[in-house]
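Now for the letters of each chain:
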Amino acid sequence: MTILDGKKLSDKIKTQIKHETQLLKQQGITPGLAVILVGEDEASKVYVGMKEKACQASGIYSKVYKFPQTISQDELLNTINQINNDDTIDGLLVQLPLPPHINTTEILQAIDPSKDVDGFHPYNVGRLVAGLDSFAPCTPLGVMELFKEYGIDVKGQDACVVGASNIVGKPMQALLLNEFATVDICHIYTKNLAEHTKRADIVIVGVGKINLITADMVKDGAIVVDIGINKTKDGKLVGDVDFKNVSKKASFITPVPGGVGPMTIAMLLKNTIKAAKLHLK
Ligand code: NAD
């Protein structure tokens, strides 16, 4: 069994990004990322802090726009419009979730698609599904990068994606299909989850339920990727996979923490550099 070490690969990518940032700076360009944070959600604050720190370490200029929970839709749209027109900013992301009174779809659609480093704008979603160059969402993109690093060719393999959200499962499905995997996607209403996961050469799970995937649900030699992030009662971070037992059957497996999580941040930096190069053109 081989651990798919996202921490190690993300460190390697961050070093490459630091180098690319230096090259861009020599051409007079400083890549810039803006992050919009609304409210006091603790997890969101932690994620934004991590993104800010990663930008600083790679030489990317970052600016966080913090707003109270009570911000109006129009104020948020005005800020996005202002950032869209700010030449010092190449990438813009809105940290989700937004408060219930905000129309998230309208907010995401207001982002300039050429600055949409989270890949949530319908323009980029459409291009991704069509197999065209796009900004793909960072978490599934990080999974594909891990496969590349470990020489895992998904072409012709049976992949089962568990979880079908717009930010994880659906773009994961599109990225796998674009690389010619045969993809099965499961969700809360899937009748017999184990029937699907047991058949798969590759099982990728992003749901948010501790121990959803147990050893009897995966075949021998399966490649298992755990995107889930959960906190146990004693404050420990765990994924959706029963790592202790599933790792005995898997050929490759991601740990939590240290698997997909760090890759998500590395892909955000990579997408920001991609946006800066796009704007340079
Ligand atoms: P979400 O709540 O938007 O979507 C969850 C998906 O899981 C839905 O499609 C739902 O139908 C499905 N689901 C729920 N219960 C299920 C069950 N019993 N069987 C099968 N499918 C079921 O969540 P999300 O934003 O997609 O996040 C999913 C998980 O991934 C969370 O734990 C989140 O913290 C984590 N996540 C991790 C990263 C990372 O960087 N590692 C990034 C984003 C999200």
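Residues numbered from 1 in each chain as written. Predicted model: local features only at pLDDT ≥ 70, side-chain atom pairs only at ≥ 80, totals over all residues. Heavy atoms only, no water.

### Notes on helix 2 (residues 42-58)
Each turn of an α-helix holds 3.6 residues, which means side chains three or four residues apart point in the same direction. To be explicit about the condition: Counting from the N terminus, the helices are the DSSP runs of H or I reaching at least four residues and the strands are the DSSP runs of E reaching at least two. What a helix is expected to span follows from its residue count: subtract one and scale by 1.5 Å. Exposure categories follow from relative accessible area, calculated using a 1.4 Å probe and restricted to protein chains: below 20% of the type maximum is buried, above 50% is exposed, and the middle band is partly exposed. What the arc measures is the spread of directions leading from the helix axis to the C-beta atoms. Whether two residues are in contact is decided by their heavy atoms: any pair within 4.5 Å suffices. The term polar contact refers here to a pair of N or O atoms within 3.5 Å; inside protein, the definition further demands a hydrogen-donor-capable atom paired with an acceptor-capable atom, and it admits residues adjacent in sequence only when both atoms are side-chain atoms.
With 17 residues, helix 2 extends 25 Å between its outermost C-alpha atoms, agreeing within 8% with the 24 Å of an ideal straight helix rising 1.5 Å per residue. Looking only at helix 2, the buried set comprises S44, V48, K51, A54, C55 and S58. The buried residues of helix 2 occupy an angular sector of 125 degrees when the element is viewed end-on, so they sit on one face. Opposite its buried face, helix 2 presents the exposed residues E42, K53, Q56 and A57, each directed more than 90 degrees away. The elements touched by buried residues of helix 2 are helix 1 (6-26), strand 2 (32-38), strand 3 (61-67), strand 4 (91-94) and helix 10 (260-280). For helix 2, the capping residue at the N-terminal end is D41, with a side-chain oxygen 3.4 Å from the backbone nitrogen of A43. Of the residues flanking the end of helix 2, it is G59, one or two places downstream, whose phi is positive at about 85 degrees.

### Quick notes on unusual backbone geometry
In this structure, P97 follows L96 across a cis peptide bond, with omega equal to 5 degrees. You can see P97 is positioned in the loop between strand 4 and helix 4 (104-110). Positioned with a positive phi, F180 is a non-glycine residue whose angle comes to about 65 degrees. Along the chain, F180 turns up in the loop between helix 7 (169-178) and strand 6 (182-186). We note that N211 has phi near 60 degrees; this positive angle belongs to a residue other than glycine. Position of N211 among the secondary structure elements: in the loop between strand 7 (202-205) and strand 8 (223-226).

### Concerning the sheet that holds strand 4
For the record, the criterion: By the convention used here, strands pair only if DSSP detects at least 2 bridges between them. Axes, fitted as lines to C-alpha atoms, cover a helix only where it is in contact. Angles between the N-to-C directions of the axes lie from 0 to 180 degrees.
Taken in spatial order, the three strands line up as 3-2-4 in an open sheet, and their pairing is parallel. Two strands close off the open sheet at either side, each with one partner strand: strand 3 and strand 4. Going across the sheet, the axis of each strand differs from the next one's by a mean of 15 degrees, ignoring polarity. By the bridge criterion, seven bridges tie strand 2 to strand 3 in an arrangement that is parallel.

### Regarding the pattern of salt bridges
Applicable threshold: Here, a salt bridge means any side-chain nitrogen of Lys or Arg that lies within 4 Å of a carboxyl oxygen of Asp or Glu.
Counted by the stated rule, this structure contains ten salt bridges. We note a salt bridge from E42 to K45, for which the minimum N-O separation is 3.6 Å. Here E42 pairs with K45, and both are found in helix 2, just three residues apart, close to one helical turn. Its salt-bridge partner being E145, residue K270 comes within 3.2 Å of it at the nearest N-O pair.

### Here we look at the domain arrangement of the chain
To be explicit about the condition: Residue ranges assigned to each domain were obtained from an automatic or database domain assignment.
Under the domain assignment, the chain is made up of domain 1 (28-113) and domain 2 (138-260). One C-alpha centre belongs to domain 1, the other to domain 2, and the line joining them spans 29 Å.

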